[in-house]
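# Overview (structure and organization)
Spelled out from the first residue to the last, the chains are:
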Amino acid sequence: MPETGAMTATVPSEGATLAPQTSLDAGGLPPASGAPRRGSYWITTFGCQMNKADSERMAGILEAMGYIAGSDEHSADLVLYNTCTIRDNAEQKVYSYLGRQAQRKRDNPHLTLVVAGCVAQQEGEALLRRVPELDLVMGPQHANRLEALLSQVESGQQVVATGEHHILEDITTARRDSTVCAWVNVIYGCNERCTYCVVPAVRGREQSRLPAAIRLEMEGLAAQGIREITLLGQNIDAYGRDLPGITPEGRRAHTLTDLLQHVHDIKGLERIRFATSHPRYFTERLIDACADLPKVCEHFHIPFQSGDDDVLRAMARGYTVDRYRRIIERIRRRMPEASISADVIVAFPGETDAQYRRTLDLIEEIGFDLVNTAAYSPRPNTPAATWPDQLEEAVKVARLQELNVLVERIARQRSARYLDRIEAVLVEAVNPKDGSQLMGRTRTNRLTFFPAQRADGSVITPGELVAVRIEQVRAFSLSGSLA
Ligand code: SAH
Ligand code: SF4
Ligand code: F3S
């Protein structure tokens, strides 16, 4: 596909810090692909599922280039941090990690240091000034170009790739962490302008992938044994609005609902999820399709951000609390067992105590299965960061603490409904804290633990669908025995 206005700035190298790149291991056989053998790589991923999906693709690219997965961050020949800047603490974490690697690079000039993701996009060349040891700074739109960018690095350049970029379809196979579940991007970027949010600035304009490309990727995954796929977009309800076409009924030809119908019959695929939903664009047609399509799981992640209409207006979210309520009512009318999760921000500029209490009330009223909570953090180049009515740190901390206690109490109440029920659990992996147990999730996305062996001694393997009788319930997980 053509690049639209791609811009890759190359910064002249600064001599000593830019010695020859990636070390070539002595000895050993080249990888089966025939690529030259390179050193080991290490990727640390911060942030959301988009970043995790990008990291898996970048790992796939590195392995196709001949890199092998390293065993730790402090000995790898190439270290890549895929970064997040959604809140200030996420960004600061990256700098502390980078400090340690910069130190290592001074002793070992062969180390290749890469910063990818949202901090890279936000900071660009400024990151090189701050950490001159870096070899490559690359924004999220450039993830699929990692090989080309690294070859520039190998020729002795320090590279910054942060230009607006038409995201290329990736022909490399991602290296997926799970053999059972996978993510598939359906729309990149975000065209919303929520006044607190840095995502549109770092992820760029919306770019929907074509349904045929999405289906092809999903078929490939199902053929490899993947049983559950989560379709990803920052605002997944926007899917298709940048693609051409109108139906005979006058609707846009490509919507999330159409996409779900288009991919639903893929053989071998057991479950389909999607995230993140936006209340402004969430349609009844989508709810009905979810209810009618058996593979689409009864779990909805619909951030509401605030329980107060004036705060929602200041956030430029484009819906009211009442609209949010109606969406949930409709979901529950069609799918009474559905679980609902959300994101919320407290201590937004100017939020009064009464407004904050409306957020608490809404959480209680809806009965969320899970809520990701955050105190407002001012972000560069966002309107809300410049407003004068910022709240004090102490208010942020107090509100967040009280909120978290409530969220846990409500989640515990929601978990109680599973007690003594038999749930279909898709087995994902061994419980990392107890090797005699496996873990998986219910259709409603509750993490569930259960014994790894059946009564007859046979061992269950990841990818199987098992019936688990729920015997213990906790706020965010369940345990039981095989039914
Ligand atoms: N696209 C999703 C959210 C992506 S960011 C949506 O529209 O809901 C994930 C979450 O981080 C957001 O839902 C929000 O709750 C939180 N968040 C984003 N910017 C923030 C900020 N400046 N301060 C605190 N939390 C923030
Ligand atoms: Fe950020 Fe709003 Fe876009 Fe979500 S919809 S990514 S909160 S701008
Ligand atoms: Fe963070 Fe970027 Fe995701 S800022 S939340 S990694 S889109």
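Residues numbered from 1 in each chain as written. Chains lettered and ligands numbered in written order. Predicted model: local features only at pLDDT ≥ 70, side-chain atom pairs only at ≥ 80, totals over all residues. Heavy atoms only, no water.

## What to know about the overall build of the chain
Cut-off, in case you're wondering: Each helix corresponds to a stretch of at least 4 residues labelled H or I by DSSP, and each strand to a stretch of at least 2 residues labelled E; elements are numbered beginning at the N terminus. Here the globule rule is a power law, 2.2 Å times the number of residues to the power 0.38, and the radius of gyration is based on C-alpha atoms. Accessible area is worked out with a 1.4 Å probe on protein chains only. A residue is then buried under 20% of its type maximum, exposed over 50%, and partly exposed in between. Residues are treated as being in contact if the distance between any of their heavy atoms lies within 4.5 Å.
Scanning the chain from N- to C-terminus turns up 13 helices and 20 strands. In summary, the chain has a C-alpha radius of gyration of 23 Å against a globular reference of 23 Å for 483 residues, a match within 12%. Overall, the C-alpha framework of the chain stretches about 65 × 65 × 50 Å when taken along its three principal axes. Evaluated residue by residue, the chain yields a buried proportion of 53% over its 483 residues. Excluding contacts between residues fewer than 6 apart, the proportion of contacts in the chain whose partners are at least 24 apart in sequence is 72%.

## Quick word on the sheet that holds strand β18 (residues 447-451)
Hydrogen bonds between backbone groups are what pair the strands of a sheet, and the pairing can be parallel or antiparallel. To keep things clear, this is the line we draw: Paired strands, as defined in this entry, are two strands with at least two bridges between them according to DSSP. Note on geometry: axes are C-alpha line fits, over the in-contact stretch for helices, and angles between N-to-C directions span 0 to 180 degrees.
As summarised here, the arrangement of the 5 strands in space is β16-β17-β18-β20-β19, forming a closed barrel in which the pairing is mixed. Recorded for the sheet is a direction-independent mean angle of 55° between the axes of neighbouring strands. Looking at chain direction, β18 and strand β20 (residues 477-482) are connected through 3 bridges and run parallel. Pairing of Phe449 across the sheet is with Ser479, part of β20.

## Looking at the confidence of the model for the chain
Atom-level detail of predicted coordinates should not be read off regions where pLDDT is low. The condition that has to hold: Think of pLDDT as the predictor's per-residue confidence, scored from 0 to 100.
The predicted model of the chain has a mean per-residue pLDDT of 92, with 92% of residues at 70 or higher. Scored below 50 in pLDDT, residues 1-32 makes 75 contacts in the model with residues more than four places away or belonging to other chains.

## Quick look at the environment of Ala452
For Ala452, the location among the structural elements is in the loop between β18 and β19 (465-473). On the accessibility criterion, Ala452 (13% relative accessible area) is buried. In this structure, Ala452 is in contact with Ser436, Gln437, Leu438, Ser458, Val459 and Ile460, ignoring residues within four places of it in sequence.

## Re the sheet that holds strand β15 (residues 370-375)
Across the sheet, 3 strands lie side by side as β13-β14-β15; this open sheet has parallel pairing. Because the sheet does not close on itself, it has two edges, and the strands there are β13 (299-301) and β15. For this sheet, the mean inter-axis angle between neighbouring strands, taken without regard to orientation, is 10°. By the bridge criterion, 3 bridges tie β13 to strand β14 (residues 339-346) in an arrangement that is parallel. In the strand pairing of β14, His299 is matched with Ser339. Docked against the sheet, helix α11 (residues 321-334) engages β13 and β14, running at close to 165° with respect to β14.

## Some words on the site of ligand 2
Note the following rule: For this description, a residue counts as near a given molecule or strand if any of its non-hydrogen atoms is within 4 Å of it. Residue polarity follows a fixed list, in which Ala, Val, Leu, Ile, Met, Phe, Trp, Tyr, Cys and Pro are nonpolar, Asp, Glu, Lys and Arg are charged, and the others, Gly among them, are polar.
Residues in contact with ligand 2, as listed here, are Cys190, Glu192, Cys194, Tyr196, Cys197, Val199, Pro200, Gln234, His278 and Arg317. By residue class, the composition of the shell around ligand 2 is 6 nonpolar, 2 polar and 2 charged.

## Quick word on the nonpolar core
What tends to happen in soluble globular proteins is that the nonpolar side chains get buried as a cluster. Heads up, the condition is: Side-chain atoms within 4.5 Å are what join buried Ala, Val, Leu, Ile, Met, Phe, Trp, Tyr and Cys residues into a set we call a nonpolar core.
Within the largest apolar cluster, 68 residues are counted, with the highest numbers of intra-cluster contacts made by Leu231, Leu260, Phe274, Phe300, Tyr324 and Ile331. Not counting residues within four places of it along the chain, the set of residues in contact with Phe274 comprises Thr230, Leu231, Ile236, Leu256, Leu260, Leu286, Cys290, Val296 and Phe300.

## Details of helix α13 (residues 393-416)
To keep things clear, this is the line we draw: Residue count minus one, scaled by 1.5 Å, sets the expected span of a helix.
Across its 24 residues, α13 extends 35 Å between first and last C-alpha, which sits within 8% of the 34 Å expected from 1.5 Å per residue. Buried within α13 are the following residues: Lys396, Arg399, Leu403, Leu406, Val407, Ile410, Ala411, Arg414 and Ser415. Close packing links the buried residues of α13 with α11, β14, α12 (353-366), β15, β19 and β20.

## Regarding the packing of aromatic side chains
To keep it simple, the criterion reads: In this scheme Phe, Tyr and Trp rings, the latter by its six-membered ring, pair at centre separations within 6.5 Å, and the angle between planes marks the pair as stacked below 30 degrees, edge-to-face above 60, and tilted otherwise. Each ring is checked for a lysine NZ or an arginine CZ that lies within 6 Å of its centre and within 35 degrees of its normal; such an atom marks a charge sitting over the ring.
Across all of its chains, the model carries 11 aromatic pairs by this definition. Ring centres 6.1 Å apart and planes at 80° place the aromatic pair Phe282 and Phe300 in the edge-to-face group. Here Phe282 is found in the loop between β12 (271-275) and α9 (284-292), whereas its partner Phe300 is found in strand β13, with 18 residues between them in sequence. There is no split in this pair, since Phe282 and Phe300 are both buried. Ring plane angle 55° and centroid distance 5.6 Å describe the contact between Phe304 and Tyr324, whose orientation is recorded as tilted. Of this pair, Phe304 sits in the loop between β13 and α10 (309-315) while Tyr324 is found in helix α11, placing the two residues 20 residues apart along the sequence. In this pair, the class of Phe304 matches that of Tyr324, namely buried. In this structure an aromatic cluster arises from ring pairing among Tyr196, Phe348, Tyr376 and Trp387. Directly above the ring of Tyr95 sits Arg130, whose terminal nitrogen or CZ lies 3.5 Å from the centroid.

## Regarding the domain arrangement of the chain
Stated formally: Throughout the structure description, domain borders are defined by an automatic or database domain assignment. Two parts placed together each lose some accessible area; with a 1.4 Å probe, that loss summed over both constitutes the buried area. Counted as salt bridges are all cases of a side-chain nitrogen of Lys or Arg within 4 Å of a carboxyl oxygen of Asp or Glu. Counted as a polar contact is a pair of N or O atoms within 3.5 Å, where, for protein atoms, one must be capable of donating a hydrogen and the other of accepting one, and residues adjacent in sequence contribute only when both atoms are in side chains.
When its domains are assigned, the chain resolves into domain 1 (15-161), domain 2 (181-417) and domain 3 (419-482). Placing a centre on the C-alpha atoms of domain 1 and another on those of domain 2 gives a separation of 30 Å. In this assembly, 19 residues from domain 1 lie in contact with 21 residues from domain 2. Interface area for domain 1 against domain 2, summed over the two sides, is near 1700 Å², with a carbon-plus-sulfur share of 55%. Our enumeration of links across domain 1 and domain 2 arrives at 3 salt bridges. Counting across the interface, domain 1 meets domain 2 through 8 residue pairs in polar contact (both at pLDDT 80 or more). Elements represented by at least two residues in the side of domain 1 that touches domain 2 include exactly α1 (49-64), α2 (88-107) and α3 (117-123). A total of 8 residues in the side of domain 1 that touches domain 2 trace back to one element, the largest contributor, which is α1. Of the residues contributing to the side of domain 1 that touches domain 2, the split by class is 6 nonpolar, 6 polar and 7 charged.

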